[in-house]
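Observations on the model geometry
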Amino acid sequence: METKKVIIVGSGPAGYTAALYASRASLEPLVIEGMEPGGQLTTTTDVENFPGFPEGVMGPELMSKMKAQAERFGTQYLSTYVNDVDLSKRPFKVTCDNGNEYLAETLIISTGASAKYLGLPNEMELIGKGVSACATCDGFFYRDKVIHVVGGGDTAMEEATFLTKFASKVYVLHRRDTLRASKAMQERAFKNEKIEFLWNTEVEEILFDDTGVTGLRVKNNQTGEVSERATDGFFLAIGHKPNTDFLKGQIKVDDSGYIIPTNPPHPDTNIPGVFACGDVQDHYYRQAISAAGSGCMAAIRAERFLEDMNDS
């Protein structure tokens with residue numbers, strides 16, 4: 001079994017940045033890219049909030065360039081995903097879906113968090129064409145437009161409130177008649193004149209044409225009434241699920257499954273030699289630039305961990 005100094009599980013801005021720093025430190029990292037090489041940005045069209053691109057950049061293009069930059073310095077990539085790890089001793093054992101096993105002196109986890117979707121027909125195909133799960137990423141594109149947001153928790157209230165900075169009107173669709181959001185978040189949303197709530201309402205279908213989303217077909221789950229609503233954008237705000245199932249309880253996570261840093265502000269986990277970066281340990285910012293920064297931190301910590309091991 002081949003032993004690598006650094007194995008990075010996951011890709012995206014965090015994983016690719018960790019790979020860049022690790023490869024420049026001559027650690028010859030192996031990146032196991034996961035089910036979605038490049039992460040969530042590969043499903044995003046225009047990215048206008050990543051520094052260095054004054055005219056914006058397409059999400060897939062940005063990820064391709066970040067990957068190529070790390071590859072230039074010796075990073076290796078595997079287009080598969082990890083389904084098991086053994087962190088009981090060093091070197092750590094990593095088992096991939098294709099059956100291959102690798103040993104790692106250090107491990108960087110950058111598997112991200114996946115937005116939860118409703119599972120509607122054409123939902124995933126319309127991401128970037130009127131469907132979004134990130135208001136801070138895409139809100140700017142909906143200036144003076146009408147938006148519908150689905151959800152009833154803190155995430156939905158935060159997203160809806162943020163979107164009122166751009167949209168002319170924001171409708172919040174909730175399947176119940178009360179919100180799960182904190183009282184403070186509810187009050188903020190209720191006081192916002194641009195936000196209107198549609199209670200006991202569920203989305204049955206996304207309407208679209210060649211230009212993208214045009215409307216929604218919704219149902220009142222109390223009366224059974226079905227109606228169509230015109231909209232320019234449909235934002236899902238029903239939470240995220242961190243991709244930590246493969247760790248099988250070996251790393252400390254919070255109640256939602258996010259990895260808990262044990263030595264803030266460093267990206268250390270409860271197991272020495274294992275580090276976490278990106279959205280898998282960040283439920284607050286969830287931005288490409290913050291993920292990239294944490295990837296840099298994780299790689300530097302891995303480098304210094306290896307130095308300390310060699311000195312001891």
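Before reading on, note that the structure itself is shown above.
Here we summarise the structure given alongside this text. Because the structure is a prediction, the values reported are computed rather than measured.

It is worth spelling out the nonpolar core at this point. Formed by 29 residues in total, the largest nonpolar core has its most connected members in Val6, Ile8, Leu62 and Ile108. Looking at this core, the elements that each hand over two or more residues are strand 1 (3-9), helix 1 (12-24), helix 2 (59-72) and helix 6 (288-311). The biggest single contributor to this core is helix 6, with seven residues. Counting 23 residues, the second-largest nonpolar core is a separate cluster that includes Phe246, Leu247, Val274 and Ala276.

Further remarks concern the side chain of Ser11. Take Ser11: it is sitting in the loop between strand 1 and helix 1. A polar side-chain atom of Ser11 sits 2.9 Å from the main-chain amide nitrogen of Gly38. Leave out the neighbours within four places in its chain, and Ser11 touches Tyr16, Glu33, Glu36, Pro37, Gly38, Gly39 and Ser110.

Next up on the list: a positive patch on the surface. On the surface, Lys116, Arg175, Arg176 and Arg180 cluster together into a positively charged patch. In this fold, Arg180 is placed in the loop between strand 12 (169-173) and helix 5 (183-191). Judged by relative accessible area, which is 55%, Arg180 ranks as exposed.

Working note: regular strand, side chains alternate between the two faces of the sheet. For strand 12, the buried fraction is high: four of the five residues fall into the buried class. Summarising the sheet, strand 11 (residues 146-150) and strand 12 pair through five bridges and their orientation is parallel. Looking at strand 12, one finds that His148 is bridged to Tyr171. The parallel pair strand 11 and strand 12, bridged by helix 4 (residues 154-163), forms a crossover whose chirality is right-handed. Note that strand 12 and strand 13 (residues 195-198) share four bridges and pair parallel. Within the sheet, the bridge partner assigned to Val170 lies in strand 13 and is Ile195. This β-α-β element, strand 12 to helix 5 to strand 13, shows right-handed connectivity.

A separate point is the packing of helix 4 against helix 5. Two quantities define a packed helix pair, namely the angle between the axes and the distance from one axis to the other. Relative to each other, helix 4 and helix 5 sit at 30°, their axes nearing to 9 Å. One finds that helix 4 runs roughly parallel with respect to helix 5. Relative to helix 5, the crossing made by helix 4 is left-handed. From helix 4, Asp154, Met157, Glu158 and Thr161 reach across to helix 5, where they touch Met185, Arg188 and Ala189. Partitioned by chemical class, the residues of the contact of helix 4 with helix 5 number three nonpolar, one polar and three charged.

Moving on, we come to the state of the cysteines. A full pass over the atoms with the stated rule returns one disulfide. Across a sulfur-sulfur distance of 2.2 Å, Cys134 and Cys137 are joined as a disulfide pair. On the sign convention where negative means left-handed, the S-S torsion of about 65° between Cys134 and Cys137 marks this disulfide as right-handed. The class for Cys134 is buried, based on a relative accessible area of 18%. On the basis of relative accessible area, Cys137 is assigned to the partly exposed category, the value being 29%. Here Cys277 stays unpaired: no disulfide links it, and the sulfur of Cys296, its closest cysteine neighbor, is 10 Å away. Under the relative-accessibility criterion, Cys277 is labelled buried at 0%.

Definitions and cut-offs
- For every chain, the first residue of the written sequence is number 1, and numbering continues from 1 onward in sequence order.
- In view of the model being predicted, local features appear only for residues whose pLDDT reaches at least 70, and side-chain atom pairs are presented and counted only at 80 or more, with totals across whole chains, interfaces and linings using the full set of residues.
- Side-chain metrics rest on all non-hydrogen atoms present in the structure, leaving aside hydrogens and water.
- Residue types Ala, Val, Leu, Ile, Met, Phe, Trp, Tyr and Cys, when buried and joined through side-chain atoms within 4.5 Å, form a set referred to as a nonpolar core.
- For every residue, the accessible area obtained with a 1.4 Å probe (protein chains only) is divided by the maximum for its type, and the residue is called buried under 20%, exposed over 50%, and partly exposed between those limits.
- Helix and strand definitions follow DSSP, with helices as H or I runs of at least four residues and strands as E runs of at least two, each counted in order from the N terminus.
- Any pair of N or O atoms that falls within 3.5 Å is considered a polar contact. Within protein, one atom must be able to donate a hydrogen and the other to accept it, and sequence-neighbouring residues count only if both atoms are side-chain atoms.
- Contacts are residue-level and defined by heavy atoms, with any inter-residue pair within 4.5 Å sufficient.
- Patch rule: a residue counts if its relative accessible area is over 30% and it has no salt bridge; like charges are joined within 9 Å, and nonpolar side chains (Val, Leu, Ile, Met, Phe, Trp, Tyr) within 5 Å.
- What sets the accessible areas is the Shrake-Rupley method with a 1.4 Å probe; for residues, cover comes only from the shown protein chains.
- Salt-bridge detection follows one rule: a side-chain nitrogen of Lys or Arg within 4 Å of a carboxyl oxygen of Asp or Glu.
- Charge counting treats Lys and Arg as positive and Asp and Glu as negative, with His and both chain ends excluded.
- Taken as the charge location is NZ of Lys, CZ of Arg, CG of Asp or CD of Glu.
- Strands are treated as partners if at least two bridges between them are detected by DSSP.
- Handedness rule for crossovers: strands pointing away from the viewer, path from the first strand over the helix to the second running clockwise, crossover right-handed.
- Angles here are taken between N-to-C directions and fall from 0 to 180 degrees, while the axes themselves are lines fitted to C-alpha atoms, restricted in helices to the stretch in contact.
- Convention used here: angles under 35 degrees read as roughly parallel, angles over 145 as roughly antiparallel, angles from 65 to 115 as roughly perpendicular, and any remaining angle as oblique.
- Handedness of a crossing is defined here by the sense of rotation of the near helix relative to the far one, left-handed for an anticlockwise turn of less than a right angle and right-handed for a clockwise turn.
- Polar here means any residue other than Ala, Val, Leu, Ile, Met, Phe, Trp, Tyr, Cys and Pro, which are nonpolar, and Asp, Glu, Lys and Arg, which are charged; Gly is therefore polar.
- Criterion for a disulfide: a pair of cysteine sulfur atoms within 2.5 Å.

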